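Here is what each chain is made of, one letter per residue.
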Amino acid sequence: MSSAEPAGGIQVRNLRFSYGERPVLAGVDLSVRPGEIVGLLGPNGSGKSTLVKVLSGVLRPYEGSATLAGRELKDMATRDVARTLAVVPQEPVFGFSFNALEVVLMGRHPHLAGLAFESESDIAKARTALQRCGALEFAHRPVLELSAGERQRVVAARALAQEPDFLLLDEPSSFMDIRHQVELYDLIRDQSDNEATGVMAVLHDLNIAAEYCDRIYLLKEGRILASGPTAEVFTYANLKATFDTDVYVDVNALTGRMLVVPLSQRRKPR
Amino acid sequence: MRTARKPLTAAGLLWGVVILTAVLACSILAGLSTGGGEGGLRELLFPAAGDGDGTRQILLQVRLPRVLLAALIGGALTVAGAVFQALLRNPLADPFVLGVSGGASIGSVLAVLAGIGGTGAGMAFGLDGRMLFAFLGALGALILIEKIATVDGSMSVYTLLLTGAIFNAFSGALIYFLQSIASLEQLHDIVFSLMGHVPSTGFGTVAVLAIGILAAVLYLFLQARDYNAMTLGEEGATQLGVDVERVKRRTFVLGSLLTGLAVSVAGLVGFIGLVVPHMLRLVLGPDHRMLIPCSFLGGASFLVLADLLARTVILPGELPVGVITALVGGPFFLYLLRTRRTGHEFR
Amino acid sequence: MRPALILLAILSAACSNNLQEQKPDPVSPKDGLRLVVVSPSAAEMLAELGMLERIVGIGDFVSRPPGLNRLPRVGPYNAPNIEKVLDLRADILVTVRSEAARASNARLRDLGVEVLELDTSHWEGTRQALRTLGDRLDLGESAGEILASLDEAMTTIRQRAEGSPSPKVLFVVGRDPLYVAGPGSHIDAMIQTAGGTNIAADSDSPYQLVSLETMLQRLPEVIIDTSDNGPDALRGRLPGPWDTWDFLPAVRENRVFWIDPDLLVIPGIRLPAMTERMGRLIHPEIFGDPVEADFEPSPEPGPTETTIEDSP
């Protein structure tokens, strides 16, 4: 699997990162190819969000290697990273009375020079992104007045407006209802299929992962426990080892994809 | 339903700047039109032959530099407020409220004590040691306050306000201490240097301040788009390609420079950096490409008018202009604190 | 809780001891009164009354007569150090009337120290202060004599100045920002007595931040500037920074005077001498030209210091 990778994707080799003395990523190998959705799953504190931050240039320095489309992340300016890769964060932060359209326009930031103003085409891109995320109706409302789910859609639109080669999603659907979750992931799937965007999604919901991801990485204590196509990775043993929780794993009769149901600890193990 | 605000364009910025420049021009004309001397605009524009009673000279050498200084100081403090607010994502971050002015005042007092910041005989000199010391004091305070108020990488508004308040109390106490070891004549200098008073200096000082302040404002303006991105948090801004550390460093240094220059010349003029940017955001929107230049122009107008009041309401006496800005700004601060608490701006 | 209570008990016992010892009668001047003086003007008056030997401590701002400088200091008049005053076993604290010192003065009274508060900020108060001191120290007669001669000196100055034109005087306490002596200050009274017109007489308070523009526009004929007092301060008859305003009669006619504030600003028994000095600045044709001693205090013999040398 490793040697045949095209140079265009995200390649992570033996990546290590620690907060001071505490190692969080202890040698991670991972890849994301253009046009595929890769799920990153693991218990709380396993290092998923840290990996997102390292790959988006927020946390430096790291040891090991991480390349974006063939370029080593270390050697890239913050701005170059932002032109290549966009992030939909878990808990987006806002300030002042910027409206949704203005926030999405900020996605054009890495593509503009100096004090430049957004052009008509930038604005058109922002509006398209808002529309694709179902957020056009509140384009002119201050983001701080929107609900958490609405804000999440604005942030997704901003990431699309950034026109990245790669999208990193950090549990983007935490505050969304099912309908909006499905709409968001359908959109991501479209983006991946049509624009060949490589997506790495940190997910909590195993069934969403099963429905949308091409491949899965299971992360625990800063190490990859298992990786591969969803059907191969989603086994009782792998999931039990990763989450220390009993699950029932089956195949969804309707879709043919995996189905995972968590089981109460109070239930006697079989 | 509010009217939809269009994204900012170059033309929009130009309009905003033109209108606020006109406001500033009117404020300066108003400031020049009256005062303790007898002269007004007529004497300024149509000089009579001869100037036996000095009316025109008073206008040109007392009122004019003072009005210009008020404009520069007002602009400097307001822009400092605007960029601190952008950095901390908090509309309450005024140099005075944060304690940065307090740090600058410690520097200024130390310079007086060291004998390098005289109001002594050097009335005509443009530069004095107080400027440098006040700048260093402001920068030191800002770094300290940021370090203390940051808990687990994020800054809560209440920690920040509390840190600022405590730092202000601390610097107040330190200044009392410095006063009590100062000689009687130094005491006089110290008390007046902190009073919040726009002096009437020579044009040398006006020129030095103009160069320093305009350069700093321009430099801050050049990273205006970065401030927009900074409202998404440091992480969010980094992911949009902003070199956050560099923006922060420049803001700290230049914001402290603006505060230090203002405090070294005019003492403690509070709250102006709080009131003006907030008003401008309500009218012009939050985009910093608009906000920074307009804060300079708006803050300049505000202090020119406040100083006009300060120097005319109790003639032949004068009020310290800090009294007027505090009377306006104090209640405004409380209003902001009250109405904005429910928003998410303070997270 | 308990240690605090015990401490309180000890303290209050100490207080009542003090009260019993000191309260019954004011100490008679004959019994070797011990005086602590924090009012600069009062120190000069006491010297004039011949009571220098009775002074056992002085306030921070007291500098005259120079012989006093060797005495222990008890802090400024607005915040005297109560412990030091008690330590000096003072019978009387002679101080300036001050709102800031009210609590500490009351405390000193509770602890058995008599507190004489004098208001020497103006001429009438100064006269009253001299009378108060004379009465309290059984020196009413000599106080009366001093007073009479002072009054006479003042009257003489007033009479000499009367009838001549009254030049416009700007008296500068602080220059940047401009801070001047207004109505109700002893300086304003001195200017009038010496035959001048204080151009800040219409301001609101004895000492006032004023508009530079207004003061310039009023075209002062005499400027007396006491604002410069660091090392290398300007002294004497020269325009200094005021020469920017060459349209001012005071500048054109070379009547800007830079003076040590000690020679004009500190009120008290030297008022007649100070007023006459003011007269020389305002009306040299009547009082004579100012002399060098009018600008700077003549070098006084400092407190004799004995150098202790290491002897084998």
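Coordinates for the structure precede this section.
Just so it is clear, the structure is predicted and the values come from calculations on it, not from any experiment.

What counts and what doesn't
- Residues numbered from 1 in each chain as written.
- Chains lettered and ligands numbered in written order.
- Predicted model: local features only at pLDDT ≥ 70, side-chain atom pairs only at ≥ 80, totals over all residues.
- Heavy atoms only, no water.
- Contact = heavy atoms within 4.5 Å.
- Buried area = accessible area lost by both parts, 1.4 Å probe.
- Salt bridge = Lys/Arg side-chain N within 4 Å of Asp/Glu carboxyl O.
- Polar contact = N/O pair within 3.5 Å; in protein donor to acceptor, adjacent residues only side chain to side chain.
- Helix = DSSP H or I, 4+ residues; strand = E, 2+ residues; numbered from the N terminus.
- Nonpolar A, V, L, I, M, F, W, Y, C, P; charged D, E, K, R; others polar.
- Pairing = 2+ DSSP bridges.
- Axes fitted to C-alpha atoms, helices over the stretch in contact; angles between N-to-C directions.
- Buried < 20%, exposed > 50% of the residue type's maximum accessible area, 1.4 Å probe, protein only.
- Expected span 1.5 Å × (residues − 1).
- Arc of directions from axis to C-beta.
- Core = buried A, V, L, I, M, F, W, Y, C linked by side-chain atoms within 4.5 Å.
- Left-handed = near helix turned anticlockwise from the far one by under 90°.

## So, the interface of chain B and chain A
Point 1. Counting residues at the interface gives 37 residues for chain B and 40 residues for chain A.
Point 2. Both faces considered, chain B and chain A share a buried interface measuring about 3500 Å² in area, 61% of it formed by carbon and sulfur atoms.
Point 3. Scanning the region where chain B abuts chain A turns up two salt bridges.
Point 4. Viewed at the interface, chain A and chain B are joined by 10 residue pairs in polar contact (both at pLDDT 80 or more).
Point 5. Elements that contribute at least two residues to the side of chain B that touches chain A include exactly α1 (10-33), α3 (55-88), α9 (203-222), α10 (224-230), α11 (233-239) and α14 (288-312) of chain B.
Point 6. Top element by residues in the side of chain B that touches chain A is α10(B). It accounts for five residues.
Point 7. For the side of chain B that touches chain A, a count of residues per class yields 15 nonpolar, 11 polar and 11 charged.

## Side note on the sheet that holds strand β1 (residues 10-19) of chain A
All names here are of chain A.
Point 1. Ordered by their spatial adjacency, four strands build an open sheet running β2-β1-β4-β5, and the pairing between neighbours is antiparallel. Strands at the two margins of the open sheet, each flanked by one partner only, are β2 (22-32) and β5 (71-72).
Point 2. Note: β1 against β2, eight bridges, orientation antiparallel. Pairing of Y19 across the sheet is with R22, part of β2.

## A word on the sheet that holds strand β7 (residues 166-170) of chain A
All names here are of chain A.
Point 1. Read across the sheet, six strands follow the order β6-β7-β8-β3-β9-β10 without closing on themselves; strand pairing throughout is mixed. Strands at the two margins of the open sheet, each flanked by one partner only, are β6 (85-88) and β10 (223-229). Strand after strand, the sheet turns through a mean of 15° between neighbouring axes, direction not considered.
Point 2. One ladder, built from four bridges, connects strand β3 (residues 37-41) with strand β8 (residues 198-202); its direction is parallel. By the bridge assignment for β8, G39 is matched with A201.
Point 3. Those strands touched by helix α1 (residues 48-55) are β3, β6, β7, β8 and β9 (215-220), and its axis lies near 145° from that of β8.

## Things to note about unusual backbone geometry
Point 1. The linkage connecting A:R60 with the following residue, A:P61, adopts the cis geometry, with an omega of -5°.
Point 2. Along the chain, B:L315 connects to B:P316 via a cis peptide bond; the corresponding omega equals 5°.
Point 3. Structurally, B:P316 can be placed in the loop between α14 and α15 (321-339).
Point 4. Although it is not a glycine, C:R89 adopts a positive phi angle of roughly 50°.
Point 5. Of note, C:R89 is situated in the loop between α3 (82-87) and β3 (92-96).

## Quick notes on the pattern of salt bridges
Where charged atoms from two side chains of opposite charge approach closely, those side chains can pair.
Residues and elements named next belong to chain A.
Point 1. Counted under the stated rule, the structure contains 30 salt bridges over all chains.
Point 2. Residues D80 and R71 are paired through a salt bridge, measuring 3.4 Å at the closest nitrogen-oxygen approach.
Point 3. Overall, the relative accessible area of 42% leaves R71 in the partly exposed class.
Point 4. A salt bridge links D246 to K240; the nearest nitrogen and oxygen atoms lie 3.5 Å apart.

## Topic: helix α4 (residues 120-132) of chain A
Residue and element names in this part refer to chain A.
Point 1. With 13 residues, α4 extends 18 Å between its outermost C-alpha atoms, agreeing within 8% with the 18 Å of an ideal straight helix rising 1.5 Å per residue.
Point 2. For α4, the complete set of buried residues consists of D122, I123, A126, A129 and L130. When α4 is viewed along its axis, its buried side chains cluster within an angular range of 125° and face the same direction. For α4, the exposed residues set more than 90 degrees away from the buried face come down to E120 and Q131.
Point 3. Those residues of α4 that are buried lie in contact with α3 (100-105) and α5 (148-161).

## A few points about the nonpolar core
Point 1. Membership of the largest hydrophobic core comes to 140 residues, with the highest contact counts inside it found for A:V154, A:L167, A:F234, B:I213, B:L258 and B:L303.
Point 2. Counting residues per element, this core draws most heavily on α3(B), which supplies 18 residues.
Point 3. What B:L258 contacts, discounting residues up to four positions off in sequence, is B:A76, B:V79, B:A80, B:I213, B:A216, B:V217 and B:L220.
Point 4. Counting 50 residues, the second-largest nonpolar core is a separate cluster that includes C:A43, C:L137, C:I191 and C:L281.

## Observations regarding the packing of helix α5 (residues 100-113) of chain B against helix α6 (residues 129-149) of chain B
Residues and elements named next belong to chain B.
Point 1. Remark: α5 packs on α6, axes separated minimally by 6 Å, with the N-to-C direction vectors making an angle of 145°. For the pair α5 and α6, the crossing hand works out as right-handed. Every residue of α6 that contacts α5 at V100, G103, A104, G107, S108, L110, A111 and V112 is listed here: G129, R130, F133, A134, G137, A138, A141, L142 and I145.

## Brief notes about the side chain of B:Q57
Point 1. Its place among the elements puts B:Q57 in helix α3.
Point 2. For B:Q57, a relative accessible area of 13% gives the class buried.

## Re the interface of chain C and chain B
Point 1. Chain C puts 32 residues into the contact, and the matching count from chain B is 34 residues.
Point 2. Of the roughly 2600 Å² buried between chain C and chain B on both sides combined, carbon and sulfur atoms contribute 61%.
Point 3. Three residues, C:D176, C:E213 and C:Q217, lead the burial of chain C against chain B; their summed loss comes to 28% of the area buried on that side.
Point 4. Between C:E213 and B:R311 there is a salt bridge, with the nearest N and O atoms lying 3.9 Å from each other.
Point 5. In this assembly, chain C and chain B are joined by eight residue pairs in polar contact (both at pLDDT 80 or more).

## Side note on helix α6 (residues 178-195) of chain A
Point 1. If you check α6(A), its first and last C-alpha atoms are 25 Å apart, about what 18 residues at 1.5 Å a residue would give, namely 26 Å.
Point 2. Taken together, the buried positions of α6(A) are occupied by A:H180, A:Q181, A:L184, A:Y185, A:L187, A:I188, A:R189, A:Q191 and A:S192.

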